[in-house]
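# A closer look at the structure
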Amino acid sequence: MIDKLEFFIALAREEHFGRAAELSGVTQPTLSAAIKQLEDQLGVMLVKRGSRFQGLTPEGDQVLVWARRIVGDARSMHEEMRAARHGLSGRIRIAAIPTALAMMPKLTTPFREKHPGVTFSILSRTSVEILSLLGNFEIDAGITYLDNEPLGRVASVPLYSERYQLITAAGNQYSDRQSVSWAEISRLPLCLLTPDMQNRRIIDQHLAEAGGEVRPTLESNSMIVLFSHIRTGKWSSIMPLTLAETLGFSEPIRAIPIVGPDAGHSVGLVVAPREPNTPLVSALLDEAVILARNFRAKN
C-alpha cells in the first residue's frame, strides 16, 4: 500500500505517467497497474483517464491528502527505528530562499558537529517553490519568509529579522551617507533579484510605499550574478543586512542602512506540521532554536 501511495503522489506531482514512473524507478505499466490496484482497493476512481493524464478526480484529491500523511508517517517510523539502532544518520534536504543561503553554515555546521552521520542537500528556491516541495515531501525543511505572504499549514521557528542595506561602491551616489531612504533609492539604477523571488516583491513594495518605482538595470535569480556585478564598482543593489555581514563587503564597497522606514521581515525554518517529527527534523528544529537564540543575543 505504501508503494502504491508513493506512486500516486509522484503522479499527482508530475502530472505525467511516464515522468512519474521514471522518478519512481519503475516502468510506466507497473506504475499504471499500481494506481489501478489502489483504485480497486479503495473502490473509487482517483485519476481522470484518457490518452494522457487529465488530472485527479475529487476523490483523488481527497486520497492525495491522506497519501501524503500516511507516506510521511511511514518514513518517520522507518527513520526513528534507524536512529534507535544506529544513532542519528541520513540526509536532510533543505530548500532556502537565495538571500538566506549565505547564513546556512550557521545552521548546518553545528548540527553536523553534533551528528556526524548526517549529510545535507541544500537547494536555492523561491518561497513558493519551498512550500510546494515541503507539501510533496521532496524536502524536509525550508528557510523562507514567515510574515509577508501566506504560508499555509507549516510549523515554523523564526530565526532572524531581515533588514535592508544599499550596497554600492565608494564614489557612487549616496556612498558617503550613514543612511539612505527608500524614496532616495528609488531614483537609483539597481541590480536586483527577479520578480518571482519574494525578496524582490518585498523591495518593490517598500519602494512603492515610498512613492518611488523600481528601476532595475539588471535582474537575476542568482545572488552570485548580483555579487559579481556589485564588485565591479559600477552597480548598486539592495540586500539584507545578514547577507552583507556574512559576505563581509569591504572598501571600496559600502553597505548603507536603509531607513524611512527601517523595514524588517521575519525569516525562519519551516517544516511540515507532523507529530511526531522524524528524528532528523526534530534535531534540526532544536538546532534552529539555538541559532535563533544566537541571533537575538547578537542583536
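Read on for a plain summary of the structure. (Residues numbered from 1 in each chain as written. Predicted model: local features only at pLDDT ≥ 70, side-chain atom pairs only at ≥ 80, totals over all residues. Heavy atoms only, no water.)

Quick look at the pairing of strand 2 (residues 118-124) now. Of the strand pairs in this sheet, strand 1 (residues 90-96) and strand 2 are connected by seven bridges, and their pairing is parallel. Looking at strand 2, one finds that Gly90 is bridged to Val118. Following the backbone out of strand 1, through helix 5 (residues 105-114) and into the adjacent parallel strand 2, one traces a crossover that is right-handed. (Pairing = 2+ DSSP bridges. Helix = DSSP H or I, 4+ residues; strand = E, 2+ residues; numbered from the N terminus. Right-handed = clockwise from strand over helix to strand, strands pointing away.)

Turning our attention to the packing of aromatic side chains. The full count for this structure, using the stated rule, is four aromatic pairs. Relative to Phe295, the ring of Tyr160 has its centre 5.1 Å away and its plane inclined at 45°; by these criteria the two rings are tilted. Here Phe295 lies in helix 11 (residues 279-298) and Tyr160 lies in strand 4 (residues 155-169), a separation of 135 residues in the sequence. The exposure classification of Tyr160 matches that of Phe295, with both residues buried. Seen from their ring centres, Tyr164 and Trp182 are 6.0 Å apart, and the 65° between their planes marks the pair as edge-to-face. Here Tyr164, found in strand 4, pairs with Trp182, found in helix 7 (residues 182-185); they are 18 residues apart in sequence, far enough to count as distant. The ring of Trp66 carries Arg69 above its face, with NZ or CZ at 4.5 Å from the centroid. (Phe/Tyr/Trp six-rings, centres within 6.5 Å; stacked < 30°, edge-to-face > 60°. Buried < 20%, exposed > 50% of the residue type's maximum accessible area, 1.4 Å probe, protein only. Lys NZ or Arg CZ within 6 Å of the ring centre and 35° of its normal.)

Let us look at a nonpolar patch on the surface. The grouping of Ile2, Trp66 and Ile70 at the surface amounts to a nonpolar patch, some 280 Å² of accessible area in total. Looking at the secondary structure, you find Ile2 in helix 1 (residues 2-14). The exposure class of Ile2 is partly exposed, given its relative accessible area of 32%. (Patch = residues over 30% accessible without salt bridge, like charges linked within 9 Å, V, L, I, M, F, W, Y side chains within 5 Å. Areas by Shrake-Rupley, 256 points an atom, 1.4 Å probe, with all protein chains shown as cover. Salt bridge = Lys/Arg side-chain N within 4 Å of Asp/Glu carboxyl O.)

So, on to the pattern of salt bridges. All chains considered together, the criterion is met by ten salt bridges. We note a salt bridge from Lys36 to Asp40, for which the minimum N-O separation is 2.9 Å. Taken as a pair, Lys36 and Asp40 lie in helix 3 (residues 28-42) at a separation of four residues, close to a single helical turn. Three or more residues are tied together by salt bridges with common partners; here these are Arg13, Glu14, Arg19 and Glu138.

Turning to the nonpolar core, a few remarks are in order. Ranked by internal contacts, the top residues of the largest apolar core, which has 51 residues, are Met103, Ile143, Leu159, Leu166 and Ile238. Considering each element in turn, this core owes the most residues, nine residues, to helix 11. Once residues lying within four places of it in the same chain are set aside, the contact partners of Met103 are Ile143, Leu159, Tyr160, Leu291 and Phe295. Ranked by size, the runner-up nonpolar core spans 22 residues in total, among them Ile9, Ala12, Ala21 and Val47. (Core = buried A, V, L, I, M, F, W, Y, C linked by side-chain atoms within 4.5 Å. Contact = heavy atoms within 4.5 Å.)

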